[in-house]
Amino acid sequence: MLDTRPLLIQTDAGPTVTSDFPRLRRSTVTTLQVNLGYLCNLSCTHCHVNAGPKRTELMDLATVELVLDYLRLHNIRTLDLTGGAPEMNSHFRHLVTQARAMGVEVIDRCNLTILGEPGYEDMAEFLAQQQVVITASLPCYLEQNIEKQRGKGVYGESIRALKRLNELGYGRDPGLRLDLVYNPDGLSLPPAQQGLEADYKRELLATHGIVFNQLFTITNMPISRFGGMLLAKGLYQQYMDILRHNYSAANLATVMCRTLISVDYQGFVYDCDFNQMLQLPLIVSDRMRPHLADILRQDLAGNPIATADHCYGCTAGQGSSCGGALSD
Ligand code: SF4
Ligand code: SF4
């Protein structure tokens, strides 16, 4: 039976009462999600990490080595690399090569346009050589909508990158997986994942000859840049009402924080990328803000998860995670 009492979280600012979102506990961690820094060649309107070309925060080599130690010690199956543009961290190739040598599946959350930037021309070949899974954001298959969210010229660059990836075997070869990510713009929840995937596949093939494996639909979280936009326009409460109104308890069993932990560029650990942005740290008994070094040998199974109102973004409708919808 799920306990729906509000959870009390210890933060640096003292105890914080969260929302009526159900309390959750972690099972075995199988995925380590690592934010390599906030540097990005784009600055999208929906970005929940406020990344951009002027950000300077990047994971250093000592922390990258700690990540590799964690993978080894905990038999982690998947390393999920985020940013910013994760490829812009100078230790990206070292981390990928070492993790792949251990047999860990590596996911690169790629914005596509980075593959055409000066200095990154051979990145696509590197990713193919290492059989890195590419999960690429393409918020729509229509040029106008993409440029509204991501900026001018982004559509053309994204299409060029997808064609290049297809040429390398991505989306065609079973060992080279290419998944796309859709984020709605505005206040709506994403439409049904399967139907939208069929539309994307048909349109991208007909218009550009592009193929890919799967489409992930992801709900925009009411935090960071998107949350700020909602607050600025007086739409925050309306969006929260939509998320609450569409709450589906069935999604609680598969929210990503049950099997994942998220590490920030300095090595501090959170239940997920969203909690990382909200600075809601992982709850462990003897640490206010645990670092990966503190939990290197700790089994986190059964630990409580720091939930709050934004978690309704993961459970609304079909549910949402970094791997798309949680239910059909
Ligand atoms: S590409 Fe991704 S990380 Fe970069 S600004 Fe856009 S949403 Fe943020
Ligand atoms: S935002 Fe989602 S993934 Fe993160 S703690 Fe809440 S329910 Fe879990």
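Residues numbered from 1 in each chain as written. Chains lettered and ligands numbered in written order. Predicted model: local features only at pLDDT ≥ 70, side-chain atom pairs only at ≥ 80, totals over all residues.

Q: Outline the site of ligand 2, supporting the account with residue identities and numerical values.
A: Close contacts around ligand 2 come from Val255, Met256, Cys257, Asp271, Cys272, Phe274, Asn275, Ile305, Thr307, His310, Cys311 and Cys314, and that covers them all. Looking at the shell around ligand 2 residue by residue, the classes come out as eight nonpolar, three polar and one charged. (Near = placed C-beta within 6 Å. Nonpolar A, V, L, I, M, F, W, Y, C, P; charged D, E, K, R; others polar.)

Q: Would you mind going over the site of ligand 1 in detail, with residue names and values included?
A: Neighbouring residues of ligand 1: Cys40, Leu42, Ser43, Cys44, Cys47, Val49, Ala51, Gly83, Gly84, Ala85, Asn111 and Ser137. Of the residues in the shell around ligand 1, the class split is seven nonpolar, five polar and no charged.

Q: Tell me about the pairing of strand S5 (residues 78-82), and please be specific about residues and values.
A: Burial analysis of S5 places four of its five residues in the buried class, which makes it a mostly covered element. The pairing of strand S4 (residues 31-35) with S5 spans five bridges and is parallel. Considered in S5, the bridge of Gln33 is made with Asp80. With four bridges connecting them, S5 and strand S6 (residues 105-110) associate as parallel partners. Each residue of the ladder has a partner; that of Leu79, found in S6, is Val106. For the segment spanning S5, helix H2 (residues 92-101) and S6, crossover handedness is right-handed. (Buried ≥ 20, exposed ≤ 12 C-beta atoms within 10 Å, placed from the backbone. Helix = DSSP H or I, 4+ residues; strand = E, 2+ residues; numbered from the N terminus. Pairing = 2+ DSSP bridges. Right-handed = clockwise from strand over helix to strand, strands pointing away.)

Q: Explain the sheet that holds S6 to me, and be specific about the residues and the numbers.
A: With mixed pairing, the eight strands of this open sheet are ordered in space as S9-S8-S7-S6-S5-S4-S10-S11. Edge positions in the sheet fall to strand S9 (214-217) and strand S11 (269-270), since each has one partner strand and no second. Judged from the four bridges that link them, strand S7 (residues 133-137) and strand S8 (residues 178-182) form a sheet pairing that is parallel. Across the sheet, the residue bridging to Ala136 is Leu180, located in S8.

Q: Explain helix H5 (residues 154-167) to me, and be specific about the residues and the numbers.
A: Between its first and last C-alpha atoms H5 spans 20 Å; for 14 residues at 1.5 Å apiece the expected length is 20 Å, and the two agree. Looking only at H5, the buried set comprises Val154, Tyr155, Glu157, Ser158, Ala161, Leu162 and Leu165. One side of H5 carries all its buried residues, which in axial view fall inside an arc of 165°. Two residues or fewer past H5, Gly169 is found with a positive phi of approximately 110°. (Expected span 1.5 Å × (residues − 1). Arc of directions from axis to C-beta.)

Q: Quick one: what's the story with unusual backbone geometry, residue by residue and with numbers?
A: Look at the link from Gly83 to Gly84: it is a cis peptide, with omega at 15°. Within the fold, Gly84 resides in the loop between S5 and H2. In this structure, Asn75 takes a positive phi of about 50° despite not being glycine. Counting through the fold element by element, Asn75 comes out in the loop between helix H1 (61-74) and S5. Owing to 12 C-beta atoms within 10 Å, Asn75 belongs among the exposed residues under this scheme. Phi at Gln279 takes a positive value of approximately 60°, unusual for a residue other than glycine. Position of Gln279 among the secondary structure elements: in the loop between helix H9 (273-278) and strand S12 (304-305).

Q: How would you sum up helix H7 (residues 224-232)? Please name residues and give values.
A: Buried within H7 are the following residues: Phe226, Gly227 and Leu230. The arc enclosing the buried residues of H7, seen along the axis, measures out at 100°, which places them on a common side. Residues of H7 that are buried make contact with helix H8 (236-245). One or two positions beyond H7, positive phi appears at Gly234, with a value near 70°. (Contact = placed C-beta atoms within 7 Å.)

Q: Could you give me a rundown of the pairing of S8, with the residues and numbers involved?
A: In terms of burial, S8 is a largely internal element, four of the five residues being buried. Pairing between S8 and S9: four bridges, direction parallel. Each residue of the ladder has a partner; that of Leu180, found in S9, is Leu215. Following the backbone out of S8, through helix H6 (residues 193-208) and into the adjacent parallel S9, one traces a crossover that is right-handed.

Q: Tell me about the environment of Thr315, and name the residues and values.
A: For Thr315, the position within the fold is in helix H10 (residues 312-315). Under the C-beta neighbour-count criterion, Thr315 is labelled buried, with 25 such atoms within 10 Å. Ignoring any residue separated from it by four or fewer positions in sequence, one finds Thr315 in contact with Tyr247, Ser248, Asn251, Leu252 and Val255.

Q: With reference to specific residues and values, describe the packing of H1 against H2.
A: Think of two packed helices as two axes; the pair is described by the angle between the axes and how far apart they sit. It is at 10 Å that the axes of H1 and H2 come closest, and there the two elements cross at 15°. Between H1 and H2, the crossing angle belongs to the class labelled roughly parallel. The crossing of H1 and H2 is right-handed. Contacts from Val64, Val67, Leu68 and Leu71 of H1 reach H2 at His94, Leu95, Gln98 and Ala99. Residue classes in the contact of H1 with H2 are distributed as six nonpolar, two polar and no charged. (Axes fitted to C-alpha atoms, helices over the stretch in contact; angles between N-to-C directions. Parallel < 35°, antiparallel > 145°, perpendicular 65-115°, else oblique. Left-handed = near helix turned anticlockwise from the far one by under 90°.)

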